[in-house]
Amino acid sequence: QVQLVESGGGLVQAGGSLRLSCAASGTILSANDMGWYRQAPGTQRELVAHIISSGSTNYAGSVKGRFTISRDSAKNTAYLSMNSLKPEDTAVYYCYADFPAYGTNWGQGTQVTVSS
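Here goes a summary of the coordinates provided. (Residues numbered from 1 in each chain as written. Predicted model: local features only at pLDDT ≥ 70, side-chain atom pairs only at ≥ 80, totals over all residues. Heavy atoms only, no water.)

## Points about the state of the cysteines
Each disulfide is one covalent bond, formed between the sulfur atoms of two cysteines.
So, point 1. A full pass over the atoms with the stated rule returns 1 disulfide.
So, point 2. A sulfur-sulfur distance of 2.1 Å marks the disulfide that ties Cys 22 to Cys 95. Looking along the S-S bond of the Cys 22-Cys 95 disulfide, the torsion reads about 65°, which is the right-handed sense. Here the residue Cys 22 occupies a position in strand β3 (residues 18–25), and Cys 95 occupies one in strand β9 (residues 91–99), the gap between them amounting to 73 residues. Here the two residues Cys 22 and Cys 95 agree in accessibility, since each one is buried. (Disulfide = S-S within 2.5 Å. Helix = DSSP H or I, 4+ residues; strand = E, 2+ residues; numbered from the N terminus. Buried < 20%, exposed > 50% of the residue type's maximum accessible area, 1.4 Å probe, protein only.)

What follows is the structure, given as structure tokens:
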């Protein structure tokens, strides 16, 4: 059974940085797609960034230029570097990994809080 473990969340001041990681274990297969959604209280879930097996990436307009997603495909691990953080980035961030054999698996979520 595939398990995703997230880490790297925390509390930072506006303008600070955090780096999230998402590691998939329990399979030797490579994910087609990995990324993060986020959800703040009272809001809709938003796709923040994702990266596919070719290395192509996409970002939400609200984070483009500030966040960078990367991956180590051999380890099925993705990273989200978040710079110039703003209070509106405050949310629970949920990583996912999409596998041909297993479908989509989700991490447990990690809280990111940006203070003004």
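## With respect to unusual backbone geometry
So, point 1. Of note, the phi angle at Asn 76 is positive, near 50°, even though the residue is not glycine.
So, point 2. Looking at where Asn 76 falls in the secondary structure, it is placed in the loop between β7 (67–72) and β8 (77–82).
So, point 3. The exposure class of Asn 76 is buried, given its relative accessible area of 4%.
So, point 4. Unlike most non-glycine residues, Ser 84 shows phi in positive territory, near 50°.
So, point 5. Considering the arrangement of structural elements, one finds Ser 84 in the loop between β8 and β9.

## A word on the pattern of salt bridges
So, point 1. A complete count under the given rule lists 3 salt bridges for this structure.
So, point 2. Among the charged side chains, a network of salt bridges with common partners joins Arg 38, Glu 46, Arg 66 and Asp 89. (Salt bridge = Lys/Arg side-chain N within 4 Å of Asp/Glu carboxyl O.)

## Brief notes about the pairing of strand β1 (residues 3–7)
So, point 1. With burial as the criterion, only one face of β1 is covered, namely that bearing Leu 4 and Glu 6; the residues Gln 3, Val 5 and Ser 7 on the opposite face remain uncovered.
So, point 2. The pairing of β1 with β3 spans 5 bridges and is classified as antiparallel. Across the sheet, Glu 6 pairs through a bridge with Cys 22, a residue of β3. (Pairing = 2+ DSSP bridges.)

## Brief notes about the side chain of His 50
So, point 1. Summarising the element assignment, His 50 is placed in strand β5 (residues 46–52).
So, point 2. Looking at His 50, its side chain comes within polar contact range of the side chain of Asp 33, at 2.9 Å.
So, point 3. Among the polar contacts listed, one links the side chain of His 50 to the side chain of Tyr 96, at a separation of 3.5 Å.
So, point 4. When near neighbours in sequence (up to four residues on either side) are disregarded, His 50 contacts Asp 33, Met 34, Gly 35, Ser 56, Thr 57, Asn 58, Ile 69 and Tyr 96. (Polar contact = N/O pair within 3.5 Å; in protein donor to acceptor, adjacent residues only side chain to side chain. Contact = heavy atoms within 4.5 Å.)

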